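If you want the building blocks of each chain, they are given just below.
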Amino acid sequence: MDTKELLKKVRKIEIKTRRLSDHIFGGEYHSTFKGRGMTFSEVRQYQYGDDVRSIDWNVTARYNEPYVKVFEEERELTMMLMIDVSGSQLFGTNNQFKKEVITEISATLAFSALQNNDKVGLLLFTDEVELYIPPKKGRSHALRIIRELLEFTPKSTKTDVGAALKFLTNVMKKKAIVFVLSDFIADDYLQTLRITGKKHDVTGIRVFDEREEHIPNIGMVQMQDAETGALQLVNTQSKQVRRAYEKYHHERVAYFQDSFTKSGCGVLSCRVDESYVKKLLGYFKRRG
């Protein structure tokens, strides 16, 4: 992808996702993820309807008229986007790859955080951490995140969710809002997730394609594992083969949902041909 084409793509994603964060998600995000508490801001004259409990009696006595204390939400939060960039993200049968949907969701979340003056960081992972960008504020920082999501070329095609979570726990000392975006065709990450879930506010967003749920009966086909590169002839006419495929898929989904739920984390699943806007809004409203 040349620079001109990349900038065009970045701009297109910014326009779409910024509109969503400005008009739809900004307020929902703010009410879902609260700040650390309230901090004293100033005193002002009492106005009709003010809570009498907030009257500052010392200032009131000095000026001989009622004054109230004004508090502001101590907001500054940090969001970490943990994105699976393994080989299976380049799968899609409905004119859109999982990677493209993940990029749009990530950009929407990033702009929602920045609109609320929060920091955003990025962690791209396969079976190792491929890229870590520490949390910062600002539009240029958000655009860099989108650029990396569009053009980053990972070294590995495999997945290890646990290794990425372990890295995050080591680098992020303060509590963060963490979104893990992946197809979660993986296992063996429950223990690490439990540790991460105690320290951070974690949500797993599973992005998947309907063809991953079941394979159609189309005879003998050669299939390639996107993560290992292995080729195999598969007889899709066989009911046994189709059942085994569906069983494997359902086991991965169940493991994802159980692991996140048991760890006290949020869970969201979005098919590539579904509206991620509705899914995200529904999730924010349930949590808010």
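Everything numeric here is computed off the predicted structure, so don't read it as measured data. (Residues numbered from 1 in each chain as written. Predicted model: local features only at pLDDT ≥ 70, side-chain atom pairs only at ≥ 80, totals over all residues. Heavy atoms only, no water.)

*Asks:* Any details on the overall build of the protein chain? Residues and values, ideally.
*Replies:* Summing up its helical and strand segments, the protein chain has eight helices and ten strands in all. The burial tally for the protein chain puts 48% of its 288 residues in the buried class. Taking as baseline every contact in the protein chain between residues at least 6 positions apart, the subset at least 24 positions apart corresponds to 74%. When the accessible surface of the protein chain is split by element, carbon and sulfur atoms take 50% of a total near 15,600 Å². (Helix = DSSP H or I, 4+ residues; strand = E, 2+ residues; numbered from the N terminus. Buried < 20%, exposed > 50% of the residue type's maximum accessible area, 1.4 Å probe, protein only. Contact = heavy atoms within 4.5 Å. Areas by Shrake-Rupley, 256 points an atom, 1.4 Å probe, with all protein chains shown as cover.)

*Asks:* Just give me the short version of the sheet that holds strand 6 (residues 177-182), but keep the residues and values in it.
*Replies:* Pairing is mixed across the open sheet formed by six strands, whose spatial order is 5-4-3-6-7-10. The sheet is open, and its two edges are formed by strand 5 (129-136) and strand 10 (266-271), each paired on a single side. Each strand of the sheet is rotated relative to its neighbour by a mean of 15°, with strand direction disregarded. Where strand 3 (residues 78-84) lies against strand 6, five bridges are found, and the strand directions are parallel. From the neighbouring strand, Leu81 faces strand 6, where its bridge partner is Phe179. Strands in contact with helix 8 (residues 276-287) are strand 6, strand 7 (201-208) and strand 10; relative to strand 10, the strand with the most contacts, it is inclined by about 165°. (Pairing = 2+ DSSP bridges. Axes fitted to C-alpha atoms, helices over the stretch in contact; angles between N-to-C directions.)

*Asks:* Help me get a handle on the nonpolar core, residues and values and all.
*Replies:* Counting residues in each nonpolar core, the largest one holds 46 residues, and the members touching the most others are Leu81, Ile83, Ile105, Leu109, Phe179 and Ile205. Element by element, the count of residues in this core is highest for helix 3 (residues 98-115), at nine residues. In contact with Ile105, not counting residues within four places along its chain, are Leu181, Ile205, Val207, Tyr276 and Leu280. (Core = buried A, V, L, I, M, F, W, Y, C linked by side-chain atoms within 4.5 Å.)

*Asks:* How would you explain the packing of aromatic side chains if you had to name every residue and give the values?
*Replies:* Under the defined criterion, the tally for this structure stands at nine aromatic pairs. Their ring planes at 70° and their centres at 5.5 Å tell us that Tyr132 and Phe167 sit as a pair that is edge-to-face. Taken together, the residues span a long stretch of sequence, with Tyr132 in strand 5 and Phe167 in helix 5 (residues 161-171) at a distance of 35 residues. On the basis of relative accessibility, which here comes to 24%, the residue Tyr132 falls in the partly exposed class. (Phe/Tyr/Trp six-rings, centres within 6.5 Å; stacked < 30°, edge-to-face > 60°.)

*Asks:* Just give me the short version of helix 7 (residues 239-262), but keep the residues and values in it.
*Replies:* Here helix 7 spans 34 Å end to end across 24 residues, near enough to the 34 Å set by a 1.5 Å rise per residue. Within helix 7, burial applies to Arg242, His249, Arg252, Val253, Phe256, Ser259 and Phe260. Residues of helix 7 that are buried sit in contact with helix 6 (190-199), strand 7 and strand 10. Just downstream of helix 7 lies Gly264, where phi reads positive at about 75°. (Expected span 1.5 Å × (residues − 1).)

*Asks:* Could you give an account of the packing of helix 5 against helix 6, naming the residues involved and the relevant values?
*Replies:* In contact at an axis separation of 9 Å, helix 5 and helix 6 are set at 35° when each is read in the N-to-C sense. Note that helix 5 runs across helix 6; the crossing there is left-handed. Side by side, helix 5 and helix 6 meet where Gly162, Leu165, Lys166, Leu168 and Thr169 of the first sit next to Thr192, Leu193, Ile195, Thr196 and Lys199 of the second. Of the residues in the contact of helix 5 with helix 6, the class split is four nonpolar, four polar and two charged. (Left-handed = near helix turned anticlockwise from the far one by under 90°. Nonpolar A, V, L, I, M, F, W, Y, C, P; charged D, E, K, R; others polar.)

*Asks:* Tell me about the pattern of salt bridges, residues and numbers included.
*Replies:* For side chains of opposite charge, pairing can occur when their charged atoms come near one another. Evaluated as defined, the whole model comprises eleven salt bridges. Between Arg139 and Glu14 there is a salt bridge whose closest N-O contact spans 2.6 Å. You can see Arg139 sitting in helix 4 (residues 139-151) and its partner Glu14 sitting in helix 1 (residues 3-32), a full 125 residues away along the chain. Notably, a salt bridge pairs Asp201 with Arg287, separated by 2.8 Å at the nearest N-O pair. Of the two residues, Asp201 is situated in strand 7 and Arg287 in helix 8; the sequence distance between them amounts to 86 residues. With a relative accessible area of 18%, Asp201 lands in the buried category. Residue Arg287 is classed as partly exposed on the basis of its relative accessible area of 31%. Several salt bridges share partner residues, and in doing so they unite Arg11, Glu14 and Arg139 into one network. (Salt bridge = Lys/Arg side-chain N within 4 Å of Asp/Glu carboxyl O.)

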